[in-house]
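# Secondary and tertiary structure notes
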Amino acid sequence: MKRILTLAAALLLALPLLQAQEVQKINKKNLVIKEWNTDARTNARVLDHVTTYSPEGKKIEEIEYSGSRQKWRKRYEYGADGKVSRELIYNEYNKLEAVKKYTYNEFGRKHTQYNYDGRGKLQTIKVFEYITQDV
């Protein structure tokens, strides 16, 4: 009987923690997240970063700011498998600066990243290798 009461008490104590974790899940459908920096002396707020999600909850754009000016912008495109197929990176003047194209392995993990300049010329290729180690 004591064991049952102890177990019940432990569950009751853990319940608020489980509920708090569920609350942290954010519905990203059509979400825009703005990050602001606030000067401690003047209380002036300056926009730092904006992330935009699609109606399906996929990240479609990120913009980084410096002061009131855009530093860079990334657009994300997705393949039929639902994974990021391309990242388009624009500079502060909204000029295409680089493109990253991705391929994935049979487990859905990144396999290869092709890095192109803004004119479409291949610059580098990054290959991802996954190694599991038995401990």
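Quick look at the structure, then. (Residues numbered from 1 in each chain as written. Predicted model: local features only at pLDDT ≥ 70, side-chain atom pairs only at ≥ 80, totals over all residues. Heavy atoms only, no water.)

## Looking at a nonpolar patch on the surface
There is a patch of nonpolar side chains on the surface, built from L122, I125 and V127 and spanning about 270 Å² of accessible area. Exposure remark for L122: the relative accessible area of 39% places this residue in the partly exposed category. (Patch = residues over 30% accessible without salt bridge, like charges linked within 9 Å, V, L, I, M, F, W, Y side chains within 5 Å. Areas by Shrake-Rupley, 256 points an atom, 1.4 Å probe, with all protein chains shown as cover. Salt bridge = Lys/Arg side-chain N within 4 Å of Asp/Glu carboxyl O. Buried < 20%, exposed > 50% of the residue type's maximum accessible area, 1.4 Å probe, protein only.)

## Some thoughts on the pattern of salt bridges
Scanning the model with the defined rule gives 6 salt bridges in all. Two residues, E61 and R73, come together in a salt bridge whose shortest N-O distance is 2.8 Å. Here E61 is found in strand β3 (residues 59-66), whereas its partner R73 is found in strand β4 (residues 69-78), with 12 residues between them in sequence. As far as the burial class goes, E61 and R73 line up, both buried. Note that R75 and E61 form a salt bridge whose closest N and O atoms lie 3.5 Å from each other. In this pair, R75 is assigned in strand β4 and E61 in strand β3, connecting sequence segments 14 residues apart. (Helix = DSSP H or I, 4+ residues; strand = E, 2+ residues; numbered from the N terminus.)

## Some thoughts on the pairing of β3
When strand β2 (residues 45-53) meets β3, the two strands line up antiparallel, connected through 5 bridges. The residue bridging Y53 from the neighbouring strand is K59, located in β3. Taken together, β2 and the strand that follows it, β3, pair antiparallel across an intervening segment of 5 residues, in which G57 is found at a positive phi of about 90°. Here 6 bridges tie β3 to β4, and the two strands are oriented antiparallel to one another. Along β4, the bridge assignment pairs E62 with K74. Two successive antiparallel strands, β3 and β4, enclose a turn made up of 2 residues, where G67 displays a positive phi of approximately 70°. (Pairing = 2+ DSSP bridges.)

## Remarks on the side chain of H49
Relative to the elements of secondary structure, H49 occurs in strand β2. The exposure class assigned to H49 is buried, which follows from its relative accessible area of 8%. There is a polar contact of 3.0 Å between the side chain of H49 and the side chain of E62. When residues no more than four places from it in sequence are discounted, the contact partners of H49 are I33, K34, E35, E62, I63, E64, Y65 and W72. (Polar contact = N/O pair within 3.5 Å; in protein donor to acceptor, adjacent residues only side chain to side chain. Contact = heavy atoms within 4.5 Å.)

## Here we look at the sheet that holds strand β6 (residues 96-104)
Spatially, 8 strands are ordered β1-β2-β3-β4-β5-β6-β7-β8 in an open sheet, and the strand pairing comes out antiparallel. Only two strands of the sheet have a single partner each, and these edge strands are β1 (32-38) and β8 (122-127). For this sheet the average axis-to-axis angle between neighbouring strands, irrespective of direction, equals 15°. (Axes fitted to C-alpha atoms, helices over the stretch in contact; angles between N-to-C directions.)

## Topic: the environment of D117
Mapped onto the elements, D117 comes out in strand β7 (residues 110-117). C-alpha of D117 to C-alpha of V99: the two residues are 18 residues apart in sequence and 6.3 Å apart in space. Residues within four places of D117 in sequence aside, it is in contact with E97, A98, V99 and Q123. Within the structure, the side chain of D117 is placed 2.9 Å from the backbone nitrogen of R119, a separation counted as a polar contact.

## Let's talk about unusual backbone geometry
In the Ramachandran plot, N30 falls in the positive-phi region, its phi being about 55° despite a non-glycine side chain. Following the sequence through the fold, N30 ends up in the loop between α1 (2-23) and β1. Phi at N43 takes a positive value of approximately 65°, unusual for a residue other than glycine. Look at N43 and you get exposed, because its relative accessible area is 60%.

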